[in-house]
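# Secondary and tertiary structure notes
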Amino acid sequence: MFGFGQLIDILKKSPKKIVFTEGNDPRILEAASRLLASNFLHPILVGNEEEIYAVASESGFNIRGAQIIDPKNYDHFDEMVDLFCELRKSKGVTPEQARGILSQANYFGTMLVKMGVADALLGGATYSTADTVRPALQLIKTKPGNSIVSSCFILVRPSATGENEVLAMSDCAINIHPTEDELVEIAGESAACARIFGVDPKVAFLSYSTLGSGKGEDVDKMRNAAAKAKAKYPELPIEGEIQFDAAVAPRVARTKCPESEVAGHANTFIFPDINAGNIGYKIAQRLGNFDAYGPILLGLNAPINDLSRGCNASEVYSMAIITAALA
Ligand SMILES: CC(C)(COP(=O)(O)OP(=O)(O)OC[C@H]1O[C@@H](n2cnc3c(N)ncnc32)[C@H](O)[C@@H]1OP(=O)(O)O)[C@@H](O)C(=O)NCCC(=O)NCCS
Ligand SMILES: CC(=O)OP(=O)(O)O
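Source: prediction; values computed, not measured.

Moving on, we come to the sheet that holds strand E8 (residues 238-242). Taken in spatial order, the six strands make up an open sheet running E8-E7-E9-E6-E5-E10, and their pairing is mixed. In the strand order of this sheet, the two ends are held by E8 and strand E10 (291-298), each with one partner. Each neighbouring strand pair of the sheet contributes to a mean axis angle of 20°, computed without reference to strand direction.

Structure below.
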């Protein structure tokens, strides 16, 4: 069963440094003050020191002991510029352009991870997902063996049995129109992510159709992706194409696809595109009383994660722990 205790235990054995790109956001400062009060995850705040301390003191958060790095007077800035130019040489970036780009906290923070100054990064409290993720895609790149970076939300809600109900939803944040093959990769990565959070994955490739009840290109895409995923991960219970009600409600499953071992019990949901995924996870979060952790980036070569701009300090704290523990 998923509990933050296990992730904190991992960090206690091997404390990590996490960089926050929005160092002067009150939600980040509240989370940083909580992290500083324990000793398993050390925050690095990007921004102007005076400004950060002013916001912290106005908001009543004690951030004494936090490392603050200001791109404007970073000792290793020249070294960072050189490395950036090397990494982006195929794009013909000049040192002057690099200096401008690296004065932005999202690029600067990502380079701190690339240079090994920080182990992990969390951003997106005010930066959009695109602006948080793009530097990572450009500089950190996909893991060997992966063709794309994608993402997963872990949704957690207390259930009547007292155990948490834990679900995984993908890709709600990165790939706008994933292809069949990308959906297969997203499913494999999401199932692996779900397992980390104690879920025994049962994967549903979602659609407006269940096993041929509806027709159309989008139905074909989810059916073909599910078939390819079954062939690629024979050990993984997979169903698709399948509607959400048949995926989660045993009574509906008995009517729509009685033979399926996944239908009625799915817990890892693959959405056809980002429209469905992003709307879907936010409905679960805002109307279904699930806590939503993510987007957790999958297939990226270093632990960097995004926040929703609607996040609160408690979500920042939890996402910081998730990000660093998965490092
Ligand atoms: C992720 C995203 C920002 C990338 O878009 P982009 O920056 O316009 O993409 P580009 O095609 O210019 O690619 C930029 C770089 O990222 C890489 N890239 C783009 N998508 C990628 C992916 N899914 N996986 C791995 N690398 C990717 C490209 O190869 C390129 O690398 P290069 O500069 O070294 O050649 C875009 O897909 C997006 O906006 N997704 C939706 C984000 C969003 O709004 N989510 C909703 C809220 S959570
Ligand atoms: C994940 C997500 O939807 O991010 P935002 O709310 O910041 O757009």
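Time to look at the site of ligand 2. The immediate surroundings of ligand 2 are formed by Thr-129, Phe-153, Asn-278, Tyr-281, Lys-282, Pro-295, Leu-307, Ser-308 and Arg-309. In the environment of ligand 2, an oxygen atom lies 2.8 Å from a nitrogen or oxygen atom belonging to the side chain of Lys-282. Here ligand 2 loses 87% of its free accessible area of 260 Å² to cover by the protein chains. Take the shell around ligand 2: its biggest share by element is three residues, from helix H12 (residues 274-287). Grouping the amino acids of the shell around ligand 2 by side-chain chemistry returns four nonpolar, three polar and two charged.

Once that is clear, we can look at the side chain of Gln-285. Tracing the chain through its elements places Gln-285 in helix H12. When its relative accessible area of 13% is taken as the criterion, Gln-285 is described as buried.

Here, the residues flagged by UniProt with the feature "domain: Phosphate acetyl/butaryl transferase" (unreviewed entry) are residues 7-324. Taken end to end, residues 7-324 comprises 44% helix and 18% strand; its first and last C-alpha atoms sit 9 Å apart.

Before going further, it helps to examine the site of ligand 1. In the neighbourhood of ligand 1, 17 residues make up the surrounding shell, with Arg-88, Lys-91, Arg-134, Lys-141 and Val-149 lying closest. In the environment of ligand 1, an oxygen atom lies 2.5 Å from a nitrogen or oxygen atom belonging to the side chain of Arg-134. Val-149 is positioned with one of its backbone polar atoms (N or O) 2.9 Å from a nitrogen atom of ligand 1. Here ligand 1, which alone exposes 950 Å², has 62% of that area covered by the protein. Going through the elements one at a time, helix H7 (129-139) and H12 are the ones with two or more residues in the shell around ligand 1. When residues of the shell around ligand 1 are assigned to their parent elements, the largest contribution, five residues, is made by H7.

Once that is clear, we can look at the pattern of salt bridges. Following the criterion strictly, the structure yields eleven salt bridges and no others. The salt bridge partner of Arg-134 is Asp-131, with a shortest N-O separation of 3.0 Å. Pair noted here: Arg-134 and Asp-131 are both in helix H7, with a separation of three residues, about one helical turn. Among the salt bridges present, the one from Glu-165 reaches Arg-157, with a minimum N-O distance of 3.1 Å. On the accessibility criterion, Glu-165 (28% relative accessible area) is partly exposed. Take Arg-157: its relative accessible area is 27%, and that puts it in the partly exposed class.

With omega at 0°, the peptide bond leading from Gly-240 into Glu-241 counts as cis. As for its placement among the helices and strands, Glu-241 is situated in strand E8. At the junction of Gly-294 and Pro-295, the peptide bond is cis and its omega measures out at 0° in the coordinates. Tracing the backbone shows Pro-295 in strand E10. With phi around 70°, Lys-141 is a residue other than glycine that occupies positive phi space. Mapped onto the elements of the fold, Lys-141 is located in the loop between H7 and strand E5 (150-158). Taking the relative accessible area as the measure of exposure, Lys-141 reaches 43% and is therefore partly exposed. Its identity is not glycine, yet Leu-211 carries a phi of approximately 45°, on the positive side. Position of Leu-211 relative to the elements: it lies in the loop between strand E7 (203-206) and helix H9 (217-232).

Cut-offs and rules
- Residues numbered from 1 in each chain as written.
- Chains lettered and ligands numbered in written order.
- Predicted model: local features only at pLDDT ≥ 70, side-chain atom pairs only at ≥ 80, totals over all residues.
- Heavy atoms only, no water.
- Pairing = 2+ DSSP bridges.
- Helix = DSSP H or I, 4+ residues; strand = E, 2+ residues; numbered from the N terminus.
- Axes fitted to C-alpha atoms, helices over the stretch in contact; angles between N-to-C directions.
- Near = heavy atom within 4 Å.
- Polar contact = N/O pair within 3.5 Å; in protein donor to acceptor, adjacent residues only side chain to side chain.
- Areas by Shrake-Rupley, 256 points an atom, 1.4 Å probe, with all protein chains shown as cover.
- Nonpolar A, V, L, I, M, F, W, Y, C, P; charged D, E, K, R; others polar.
- Buried < 20%, exposed > 50% of the residue type's maximum accessible area, 1.4 Å probe, protein only.
- UniProt positions renumbered as here; feature names shortened; annotations may be inferred.
- Salt bridge = Lys/Arg side-chain N within 4 Å of Asp/Glu carboxyl O.

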